[in-house]
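# Observations on the three-dimensional arrangement
Residues per chain are reported as follows:
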Amino acid sequence: MSSALDRLKNLTAQISSYELERKNNLKSLEILYSSLGIDNKVPLFHDLFEFKAINLSGISLSDESLGEIKEGKYAQVIGIIYDNTAKVKNKNISLAYFGRAEKVSEEMRTEIISFVLGWRFEKSFRTLEHYHNLMAQLQTLPRGNVC
């Protein structure tokens, strides 16, 4: 019984820490959204999450080389929207342009990376909530309607 209670306590602590981290991330993300000038392209903060993805060019986001500059490339935050009615389904939109990657200061690089990773962190929560809600809807469907 004690081990089940311990597992429940650990799970509760982990969920609580994720929610606290999420709240802190959103605050930081909103500050970066303004300081990086992304608010010039996306006037309403909550509209950022309409993008299917946000990518970064010119600076690495991979585990092995996080923050490394891609020589000769331009640092740019790119939002990707998907429109299934358009001829070209994916559309890339430049949200912020910073010039040649090698000329971007280390502090600015850190802020840019923090923005992209922070957006992805929050987007993952929103995706999780979306699928959680769909699973709840599935439970209310008559059994004959489910494949």
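What comes next is a walk through the structure. This one's a predicted model, so the numbers in the text were calculated from it and none came from an experiment. (Residues numbered from 1 in each chain as written. Predicted model: local features only at pLDDT ≥ 70, side-chain atom pairs only at ≥ 80, totals over all residues. Heavy atoms only, no water.)

## Some words on the overall build of the protein
Summing up its helical and strand segments, the protein has 2 helices and 3 strands in all. From first element to last, N terminus to C terminus, the protein shows the α and β order α-β-β-β-α. Relative to a compact globule of 147 residues, whose C-alpha radius of gyration would be 15 Å, the protein shows 19 Å and is clearly more extended. Structurally, the protein occupies a C-alpha span of about 60 × 45 × 30 Å along its principal axes. Put simply, the protein has 147 residues, and 29% of those count as buried. Of the contacts made within the protein by residues no fewer than 6 positions apart, 59% connect residues no fewer than 24 positions apart. Across the protein, the 19 positively charged side chains and the 18 negatively charged ones have centroids separated by 7 Å. (Helix = DSSP H or I, 4+ residues; strand = E, 2+ residues; numbered from the N terminus. Rg over C-alpha atoms; globule rule 2.2 N^0.38 Å. Buried < 20%, exposed > 50% of the residue type's maximum accessible area, 1.4 Å probe, protein only. Contact = heavy atoms within 4.5 Å. Lys, Arg positive; Asp, Glu negative; His and termini not counted. Charge placed at Lys NZ, Arg CZ, Asp CG, Glu CD.)

## Focus: the sheet that holds strand E1 (residues 53-57)
Ordered in space as E1-E2-E3, the 3 strands form an open sheet in which the pairing is antiparallel. The sheet is open, and its two edges are formed by E1 and strand E3 (90-100), each paired on a single side. Going across the sheet, the axis of each strand differs from the next one's by a mean of 20°, ignoring polarity. Its contacts with the sheet place helix H2 (residues 106-140) against E1, strand E2 (74-82) and E3, and it is angled at close to 155° to E1. (Pairing = 2+ DSSP bridges. Axes fitted to C-alpha atoms, helices over the stretch in contact; angles between N-to-C directions.)

## Focus: the pairing of E2
Working note: regular strand, side chains alternate between the two faces of the sheet. Judged from the 5 bridges that link them, E1 and E2 form a sheet pairing that is antiparallel. Its bridge partner lying in E2, asparagine 55 is registered against isoleucine 78. Here 9 bridges tie E2 to E3, and the two strands are oriented antiparallel to one another. Counterpart to isoleucine 78 in the pairing with E3 is serine 94.

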